[in-house]
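Survey of secondary and tertiary structure
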Protein chains: 2
Amino acid sequence: MAERWTAKGAATRSRIIDAAAALIYERGLASVGINDVREATSTSHGQVFHYFPGGRAEILRAVVERQARQALDDQRPELDALDSRESWQAWRSRLLAVHSARGAAGGCPLGSLAAQMAESDPEAARLIDAGFDVWAAHFERGLEAMRANGDLEPATDVPALARAILALVQGGFVLMQASRSIERLSQALDAVLLLVRENATDDQG
Amino acid sequence: MAERWTAKGAATRSRIIDAAAALIYERGLASVGINDVREATSTSHGQVFHYFPGGRAEILRAVVERQARQALDDQRPELDALDSRESWQAWRSRLLAVHSARGAAGGCPLGSLAAQMAESDPEAARLIDAGFDVWAAHFERGLEAMRANGDLEPATDVPALARAILALVQGGFVLMQASRSIERLSQALDAVLLLVRENATDDQG
DNA sequence: AAAAGTTTGGATAGATCTCTCCAGAACCAT
DNA sequence: ATGGTTCTGGAGAGATCTATCCAAACTTTT
């Protein structure tokens, strides 16, 4: 099914998704129509519906999947090795740097889509939720690694802690988006480090 | 300026705001047009623009202010007296009950508007941010009361803790909205209690 | 009761948006 | 090369949406 297009076609399709994602991130989903995407990509109306027979809804779902990847990539490479308190700190720095460079606008590439799509498109909501699952799994992996190294209290409820951390991150993004201030995200990430520290064994903080 | 309308007129205006808020909360902002609001309130097109000369954008801003109040009311009366660990627990229970009854859908009445309006309407973003400020101030007041009672570590950075708690709540709402599971909000609120407990003096937990 | 102001209903303009359809150009395999 | 497939361009139907405008009905005031 992914082989339905030639290399050229797949490139055009990607271009459409990328442009749609960028526009939605900058202006909000409601302000982005097919025509805006068409203009931004120098494509024709026919192409858009050729590559997305499901129309706008199908583009939007592709954007969700793209942004789920984007949100994770924004945190790499640190996201893949959150196995010490220092690595969590490095992860925090990267996330802040990325969103500082973006002007503290737009919120979470993935999370900001939740409020915009969840109520109108259940399938999109499912995709967003799946993205959160993968994200939380990365946190879990890091925390488990810490536990294996003896850096985390053995009794820690890792899945619950991972979800709490993800909630903190998402909430930090929401507050940041409303205020356009990186400070809000920074405070939330400080609390993440605090949570990790308080579940760590060597409580030297 | 608030006396521009008679009692009857003000009632109609309120009816419009309430209906718009409810529809937006249920279907998402992008799916709600003036016509939907008109139908839901059995009003005419003329009335809508009579009471909101600024058109759709003005209605939306009024909805933001209404939902800022709604979000706080959802947490009352506990929100006004978060001066002990028990009161935080009662607050948690109320919030869960309210959103459980709503089917764990829609997210935060206020916070869900951030992603939907912040990028397209700066004034709306300002109103949302102001709502968050009031919300955080309530948390601060409760925490300060705890400190005055000797229940909180004197060195606690209360404003930062309040912001972290608000971020947790907002993030919990985001995860809840995507998954339609009250469990996600519950986990976030558990973490709130944990944060409060860990900043409390008598660490018997 | 008359006048002034407010509220209500609805027609309609004007713009916008999604989506369908068709045809020509480019590409690829045999 | 040639036949089939994919890619591209654009016209236009059909629906929807915001907003304006005007006049009638109702309220309030004098």
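Keep in mind that what you see is a predicted model, and the values were worked out from it rather than measured. (Residues numbered from 1 in each chain as written. Chains lettered and ligands numbered in written order. Predicted model: local features only at pLDDT ≥ 70, side-chain atom pairs only at ≥ 80, totals over all residues. Heavy atoms only, no water.)

1. As for the protein's contact with DNA strand C
With respect to spatial proximity, 18 residues lie near DNA strand C, and among them His45(A), Arg56(A), Thr6(B), Ser44(B) and Gln47(B) are the closest. The separation between a base nitrogen of DNA strand C and a polar side-chain atom of His45(A) is 2.3 Å. Take Ser44(B): an N or O atom from its side chain is 2.9 Å from a base nitrogen of DNA strand C. With five residues, helix α3 (residues 45-51) of chain B is the single largest residue contributor to the surface near DNA strand C. Taken together, the residues of the surface near DNA strand C sort by class into four nonpolar, 11 polar and three charged. (Near = heavy atom within 4 Å. Polar contact = N/O pair within 3.5 Å; in protein donor to acceptor, adjacent residues only side chain to side chain. Helix = DSSP H or I, 4+ residues; strand = E, 2+ residues; numbered from the N terminus. Nonpolar A, V, L, I, M, F, W, Y, C, P; charged D, E, K, R; others polar.)

2. Side note on the packing of aromatic side chains
Any aromatic ring pair is given by two values, namely how distant the centres are and how the planes are angled relative to each other. Counted under the stated rule, the structure contains eight aromatic pairs over all chains. Centre to centre, the rings of Trp91(A) and Phe139(A) are 5.6 Å apart; their planes meet at 85°, and the pair counts as edge-to-face. Of this pair, Trp91(A) sits in helix α5 (residues 85-101) while Phe139(A) sits in helix α7 (residues 122-148), and the two are 48 residues apart along the sequence. Owing to a relative accessible area of 0%, Trp91(A) belongs among the buried residues under this scheme. Ring plane angle 40° and centroid distance 5.5 Å describe the contact between Trp88(B) and Phe139(B), whose orientation is recorded as tilted. Taken together, the residues Trp88(B) in helix α5 (residues 85-101) and Phe139(B) in helix α7 (residues 122-148) connect sequence positions 51 residues apart. Clustering of aromatic rings is evident, with ring pairs tying together Trp88(A), Trp91(A) and Phe139(A). (Phe/Tyr/Trp six-rings, centres within 6.5 Å; stacked < 30°, edge-to-face > 60°. Buried < 20%, exposed > 50% of the residue type's maximum accessible area, 1.4 Å probe, protein only.)

3. Topic: the relation of the copies chain A and chain B
Relative to chain B, chain A is turned by 180° and slid 0.0 Å along the rotation axis, the superposed coordinates differing by an RMSD of 0.0 Å. The transformation relating the two chain copies, once decomposed into turn and shift, fits a two-fold axis. Ranked by how close their C-alpha atoms come to the rotation axis, the residues of chain A are headed by Gly171(A), at 1.9 Å. Interface residue correspondence from chain A to chain B reaches 100%, placing this contact among same-surface, isologous pairings. (Least-squares fit on C-alpha atoms with pLDDT ≥ 70 in both. Contact = heavy atoms within 4.5 Å.)

4. What to know about the domain arrangement of chain A
Residues and elements named next belong to chain A. Split by domain assignment, chain A resolves into domain 1 (2-53) and domain 2 (66-198). Summarising the inter-unit geometry, the C-alpha centres of domain 1 and domain 2 are found 28 Å apart. Contacts between the two partners involve eight residues from domain 1, matched on the other side by 12 residues from domain 2. Summing both sides of the interface, domain 1 and domain 2 together bury roughly 660 Å²; the carbon and sulfur share of this comes to 62%. It is Ala21, Tyr25 and Leu29 in domain 1 that bury the most area against domain 2; as a group they hold 76% of the surface buried on that side. Counting across the domain 1 and domain 2 interface gives one salt bridge. Here Arg66 makes a salt bridge to Asp18, at a shortest N to O gap of 2.7 Å. (Domains from an automatic or database assignment. Buried area = accessible area lost by both parts, 1.4 Å probe. Salt bridge = Lys/Arg side-chain N within 4 Å of Asp/Glu carboxyl O.)

5. Quick word on the protein's contact with DNA strand D
Around DNA strand D, 17 residues are found, and the nearest of them are Thr6(A), Ser44(A), Gln47(A), Tyr51(A) and Arg56(B). Across the atoms of DNA strand D situated within 4 Å of the protein, the share located in sugar and phosphate is 60%. At a separation of 3.5 Å, a phosphate oxygen of DNA strand D approaches a polar backbone atom of Gly9(A). For DNA strand D, a phosphate oxygen lies 2.8 Å from a polar atom in the backbone of Arg56(B). Elements with a minimum of two residues in the surface near DNA strand D: α1 (7-27) and α3 (45-51) of chain A together with α3 of chain B. In terms of residue count, α3(A) provides more of the surface near DNA strand D than any other element does, five residues in total.

6. Side note on the packing of α5(A) against helix α9 (residues 182-198) of chain A
Residues and elements named next belong to chain A. Between α5 and α9, the shortest axis-to-axis distance is 10 Å and the interhelical angle comes to 170°. Relative to α9, the element α5 lies roughly antiparallel. Here Arg85, Trp88, Gln89, Trp91, Arg92, Leu95, Leu96, His99 and Ser100 of α5 come into contact with α9, specifically with Ile182, Leu185, Ser186, Leu189, Asp190, Val192, Leu193, Val196 and Arg197. When grouped by side-chain class, the residues that make up the contact of α5 with α9 number 10 nonpolar, four polar and four charged. (Axes fitted to C-alpha atoms, helices over the stretch in contact; angles between N-to-C directions. Parallel < 35°, antiparallel > 145°, perpendicular 65-115°, else oblique.)

7. Thoughts on the state of the cysteines
In this structure the tally under the stated criterion is zero disulfides over all chains. Lacking any disulfide linkage, Cys108(A) is separated from the closest cysteine sulfur, that of Cys108(B), by 17 Å. Overall, the relative accessible area of 2% leaves Cys108(A) in the buried class. (Disulfide = S-S within 2.5 Å.)

8. Topic: the pattern of salt bridges
Within this structure, the stated rule accounts for 26 salt bridges over all chains. Connected through shared salt-bridge partners, Asp73(A), Arg76(A) and Asp80(A) make up one network.

9. A look at helix α4 (residues 56-73) of chain A
Residue and element names in this part refer to chain A. A rise of 1.5 Å per residue sets the reference length of α4, with its 18 residues, at 26 Å; its end C-alpha atoms lie 25 Å apart and thus fit the reference within 8%. Where α4 is concerned, the buried positions are Ile59, Leu60, Ala62, Val63, Val64, Arg66, Gln67, Ala68, Ala71 and Leu72. Where α4 is buried, its residues touch α1, α3, α6 (111-117) and α7. (Expected span 1.5 Å × (residues − 1).)

10. Some words on helix α8 (residues 158-179) of chain B
Because each turn of an α-helix spans 3.6 residues, side chains separated by three or four positions in sequence point in the same direction. Residue and element names in this part refer to chain B. With 22 residues, α8 extends 31 Å from end C-alpha to end C-alpha; this agrees with the ideal 32 Å at 1.5 Å per step. Extensive coverage of α8 is indicated by the burial of 20 of its 22 residues. Phi for Arg180, located one or two positions after α8, is positive at around 55°.

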